[in-house]
Amino acid sequence: MENNLSPTSITHNLETRFIGQRVIYYPSLTSTMEVAKREAQQGAVEGTVVVAGEQMAGRGRKKRAWLSPKGSIALSIILYPSVVYLPSLIMLASLAVVHSIGEVTGLRSQIKWPNDVLVNGRKVSGILIESGVRGKIVDYAIIGIGINANLRLSDFPELLPLATSLSNELGRDVSPLEVIRRLLVEIERLYLALPVGESIYEEWRDSLVTLGKKVRVKSGKAIDEGIAESVARDGSLLLRHSDGSLTKIVAGEATLADK
Ligand code: BTN
């Protein structure tokens, strides 16, 4: 499997206007989020992408570590959106991952609220959005995407039983280059569609594996249980409790009760 992730191999004939037209590649680094943040603070051009061959200190949501050894995909994209589009970034990033995995591998994936991408019920990709916001001014927003591409699960027993990889599901390796190039095209397409009112929200809602299921949601110290009834346009989850009451959860970690 060709594994050349040089900036030129990514940008060559890439059919985007700005996302991925500038790529910074590191064979190994701490976290693409860290480098991207520094770049953004120095005014990097919108759409700059930081890609790593492996991360030594990859970070996940809720201050968790994210394992991203060689063979996995780790990248961060720098954007300067208007504040009104910030909640849509989670939706568009997870949809772009679902679309690109489908197009490159034929695998069908689903989204677990808010933005884990699952194949056959196990996590194959995680997304982290970090932004610098002052009042209504967004200094930057960074979409970080990690995909377990070519990982032999037997080498990473700590990932089992909740995670999987594309190669594990397919029984063969995938081209990280192809997945990354497709992902950048998809992200730009969805990002440019935001102002024309195309409904990313509806597609994201319909791709959620969570809705209608009994879930347990951890947000901060609170744990809520109930049926995931729906999601609002700002991305929050509406949870129906057994006593009939409804809670709106803006951010949290959902576990399906049957898992
Ligand atoms: C999660 O599911 O908790 C989110 C994981 C996000 C991982 C990606 S890999 C690329 C980018 N760099 C990081 O350090 N984290 C994100």
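Residues numbered from 1 in each chain as written. Predicted model: local features only at pLDDT ≥ 70, side-chain atom pairs only at ≥ 80, totals over all residues. Heavy atoms only, no water.

Asker: Explain the sheet that holds strand β11 (residues 246-249) here, please?
Answerer: Read across the open sheet, the 5 strands follow the order β11-β10-β9-β8-β12; overall the sheet is antiparallel. Single-partner strands in this sheet number two, and they are β11 and β12 (253-256). With direction set aside, neighbouring strand axes in the sheet form an average angle of 45°. Here 4 bridges tie strand β9 (residues 222-231) to strand β10 (residues 237-240), and the two strands are oriented antiparallel to one another. Counterpart to A228 in the pairing with β10 is L239. (Pairing = 2+ DSSP bridges. Helix = DSSP H or I, 4+ residues; strand = E, 2+ residues; numbered from the N terminus. Axes fitted to C-alpha atoms, helices over the stretch in contact; angles between N-to-C directions.)

Asker: What exactly am I supposed to notice about the site of the ligand here?
Answerer: S31, T32, R59, R61 and K123 are the nearest of the 21 residues found near the ligand. Here a nitrogen atom of the ligand and a side-chain polar atom of T32 are 2.9 Å apart. At 2.9 Å from a nitrogen atom of the ligand is found a side-chain nitrogen or oxygen belonging to Q55. Those elements giving two or more residues to the shell around the ligand turn out to be α2 (32-41), β3 (73-79), β6 (122-134) and β7 (137-147). The greatest single-element share of the shell around the ligand, amounting to 4 residues, is contributed by β6. Of the residues assigned to the shell around the ligand, the class counts are 7 nonpolar, 9 polar and 5 charged. (Near = heavy atom within 4 Å. Polar contact = N/O pair within 3.5 Å; in protein donor to acceptor, adjacent residues only side chain to side chain. Nonpolar A, V, L, I, M, F, W, Y, C, P; charged D, E, K, R; others polar.)

Asker: Help me out: how do you make sense of the packing of helix α3 (residues 86-105) against helix α5 (residues 176-193) in this one?
Answerer: Look at α3 against α5: their axes get within 8 Å of each other, and the N-to-C directions meet at 140°. Judged by the angle between their axes, α3 and α5 are oblique. Crossing hand, α3 versus α5: right-handed. Mapping the contact onto sequence places L89, L92, L95, A96, V97, H99, S100, E103 and V104 in α3 and E178, V179, R182, L183, E186, I187, R189, L190 and Y191 in α5. Here the contact of α3 with α5 is built from residues that sort into 11 nonpolar, 2 polar and 5 charged. (Parallel < 35°, antiparallel > 145°, perpendicular 65-115°, else oblique. Left-handed = near helix turned anticlockwise from the far one by under 90°. Contact = heavy atoms within 4.5 Å.)

Asker: Please explain the pattern of salt bridges as it appears in this structure.
Answerer: Oppositely charged side chains are able to pair whenever their charged atoms sit close together. Counted according to the given criterion, the structure contains 18 salt bridges. Close ionic contact of E34 with R59 constitutes a salt bridge, the shortest N to O distance being 3.6 Å. One end of the pair, E34, is in helix α2; the other, R59, is in the loop between β2 (49-55) and β3, and 25 residues separate them in sequence. Here D155 and R152 are joined by a salt bridge, their closest N and O atoms 3.4 Å apart. D155 sits in the partly exposed class, given a relative accessible area of 42%. When salt bridges that share partners are traced, they join E103, R182, E186 and R189 into one network. (Salt bridge = Lys/Arg side-chain N within 4 Å of Asp/Glu carboxyl O. Buried < 20%, exposed > 50% of the residue type's maximum accessible area, 1.4 Å probe, protein only.)

Asker: For this particular structure, what's the right way to read unusual backbone geometry?
Answerer: What you tend to see is this: most non-glycine residues have negative phi, and most peptide bonds are trans. The omega torsion across W113 and P114 is 0°, close enough to zero to call that bond cis. L160 connects to P161 through a cis peptide bond whose omega is 0°. Relative to the helices and strands, P161 resides in the loop between β7 and α4 (166-170). Even without a glycine there, the phi angle at K63 is positive, about 60°. With respect to the helices, strands and loops of the structure, K63 is situated in the loop between β2 and β3. Take K63: its relative accessible area is 87%, and that puts it in the exposed class. Even without a glycine there, the phi angle at N120 is positive, about 50°.

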